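Given next are the chains, with one letter for each unit.
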Amino acid sequence: MGRFWSILFLLVPVLGVGSFAWAMADLWPMRGHWLPSNINDHGAVIDNLFLFILVLTGVIFVATGLALFWFLWKYDAAQNAQPVAFTHGSHTLEVVWSIIPAATLVFIAIYQMNAWADAKMRRPELPDGRPQPPIAEITGRQFEWRIRYAGEDGLVGTTDDVYSVNDLHLPVNEEIVLSIKSQDVLHSFFLPNLRIKQDVVPGMKQFVWFRANRTGAYDIVCAELCGWGHYKMRGRVTFVSREQFDRWLIETHAEQNRAEFKPMAGEAE
């Protein structure tokens, strides 16, 4: 019976690795379970870092599973007539298996420093060296994304701003900077196809940036449990050409102004 359990433990790394390989191959029934398509010029850095850590931890996972299987198989009480031998352990082994994981974590921390700096610290700059201003401000609130675009003056927070909810439009093939904040609780602004994920903390204004290289509509989701309606806190980001974006911005601003100054029933227009 002991060797039966050892076979079951062996299935853990086998099925684990097999599931990942199946998903990566995009075969039924695992189709669509791997990473979504990357449309960010800077997203390959995140993908490469993810795959590197996955392979590194996967090797450790498989090695640990095989070692566990071997010990269960070799020292099965039903098959081994030798008496049990007790040991008080080895200080050398304890030091080794403490140093190796610590060294691995330090290596990962150093290896990813440049990717972290590019994604979180090195905000795009204007030709004169000033930080690039955000094209829009995203405010998370239960349970929607409120969007405020810079108008003709190029600044968010002025009288010519344009507003929308859960419907983000942006130009393709340009460096985009967004400012994000929360109105109430913790949220997480997640653009899977752009490899962008940033927790949104009340009282803090943060920035994310990217360069989309493909037109189309993609998901905006909240990746932080933020209340009973968390499941429906979804939006869409649509990437279009600069000309289409400028036209959309003008038309949305005009429609917004018409709605704001629409005369009441019975009033003369």
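Rules and cut-offs
- Residues numbered from 1 in each chain as written.
- Predicted model: local features only at pLDDT ≥ 70, side-chain atom pairs only at ≥ 80, totals over all residues.
- Heavy atoms only, no water.
- Helix = DSSP H or I, 4+ residues; strand = E, 2+ residues; numbered from the N terminus.
- Rg over C-alpha atoms; globule rule 2.2 N^0.38 Å.
- Buried < 20%, exposed > 50% of the residue type's maximum accessible area, 1.4 Å probe, protein only.
- Contact = heavy atoms within 4.5 Å.
- Patch = residues over 30% accessible without salt bridge, like charges linked within 9 Å, V, L, I, M, F, W, Y side chains within 5 Å.
- Areas by Shrake-Rupley, 256 points an atom, 1.4 Å probe, with all protein chains shown as cover.
- Salt bridge = Lys/Arg side-chain N within 4 Å of Asp/Glu carboxyl O.
- Pairing = 2+ DSSP bridges.
- Axes fitted to C-alpha atoms, helices over the stretch in contact; angles between N-to-C directions.
- Expected span 1.5 Å × (residues − 1).
- Disulfide = S-S within 2.5 Å.
- Phe/Tyr/Trp six-rings, centres within 6.5 Å; stacked < 30°, edge-to-face > 60°.

Before going further, it helps to spend a moment on the overall build of the chain. When helices and strands are tallied, the chain shows five helices and 10 strands. A compact globule built from 269 residues would reach a C-alpha radius of gyration of about 18 Å, whereas the chain, at 27 Å, exceeds it by more than 25%. Expressed along its principal axes, the backbone C-alpha trace of the chain runs to roughly 100 × 45 × 35 Å. Every one of the 269 residues in the chain was classed for burial, and the buried ones make up 29%. Sequence-distant contacts, at least 24 apart, represent 61% of the contacts inside the chain between residues at least 6 apart.

A surface patch of nonpolar side chains, amounting to about 890 Å² of accessible area, comprises Phe4, Trp5, Ile7, Leu8, Phe9, Leu11, Val14, Leu15, Leu68 and Trp73. Mapped by element, the contributors of at least two residues to the nonpolar patch are helix H1 (2-25) and helix H2 (43-74). For the nonpolar patch, the element with the most residues is H1, which contributes eight residues. Position of Leu68 among the secondary structure elements: in helix H2. Under the relative-accessibility criterion, Leu68 is labelled partly exposed at 38%.

To continue, consider the sheet that holds strand E3 (residues 162-165). Across the sheet, which stays open at both edges, the five strands sit in the order E3-E2-E1-E5-E8 with mixed pairing between neighbours. Two strands close off the open sheet at either side, each with one partner strand: E3 and strand E8 (206-211). Going from strand to strand, the sheet's axes swing by 25 degrees on average, the running direction of each strand aside.

Compared with the 46 Å implied by 1.5 Å per residue over 32 residues, the 46 Å span of H2 between its first and last C-alpha is a close match. Of the residues making up H2, those classed as buried are Gly43, Asp47, Leu49, Gly65 and Phe69.

Close approach of charged atoms allows side chains with opposite charge to pair. Per the counting criterion, the structure on display carries 13 salt bridges. With a shortest N-O distance of 2.7 Å, Glu174 and Arg242 are connected by a salt bridge. Of the two residues, Glu174 sits in the loop between strand E4 (167-171) and strand E5 (175-182) while Arg242 sits in helix H5 (residues 242-260), which places them 68 residues apart along the sequence. A residue is classified by how much of its surface remains accessible, and Arg242, at 30% relative accessible area, is partly exposed. Arg242 is the salt-bridge partner of Asp246, the closest N and O atoms lying 2.9 Å from each other. Residue Asp246 and its partner Arg242 are both found in helix H5; the two are separated by four residues, about one turn of the helix. On the basis of relative accessibility, which here comes to 31%, the residue Asp246 falls in the partly exposed class. Residues participating in the shared-partner salt-bridge network are Glu137, Lys181 and Lys205.

Topologically, Thr139 is positioned in strand E1 (residues 136-141). Residues contacting Thr139, with those up to four places away along its chain left out, are Glu144, Trp145, Arg146, Lys181, Ser182 and Gln183.

Turning our eyes to something else, we now look at the state of the cysteines. Counting across every chain of the model gives zero disulfides. For Cys222, which is in no disulfide, the shortest distance to another cysteine sulfur is to Cys226 and amounts to 3.9 Å. Judged by relative accessible area, which is 8%, Cys222 ranks as buried. Judged by relative accessible area, which is 6%, Cys226 ranks as buried.

All chains considered together, the criterion is met by 17 aromatic pairs. Ring geometry for Phe20 against Trp34: centres 6.3 Å apart, planes inclined by 85 degrees, an arrangement best described as edge-to-face. Pair noted here: Phe20 is in helix H1 and Trp34 is in the loop between H1 and H2, with a separation of 14 residues, a long-range link. Among the residues examined, Trp34 registers a relative accessible area of 23% and is labelled partly exposed.

Take it as geometry only, folks, not as evidence of what the structure does.
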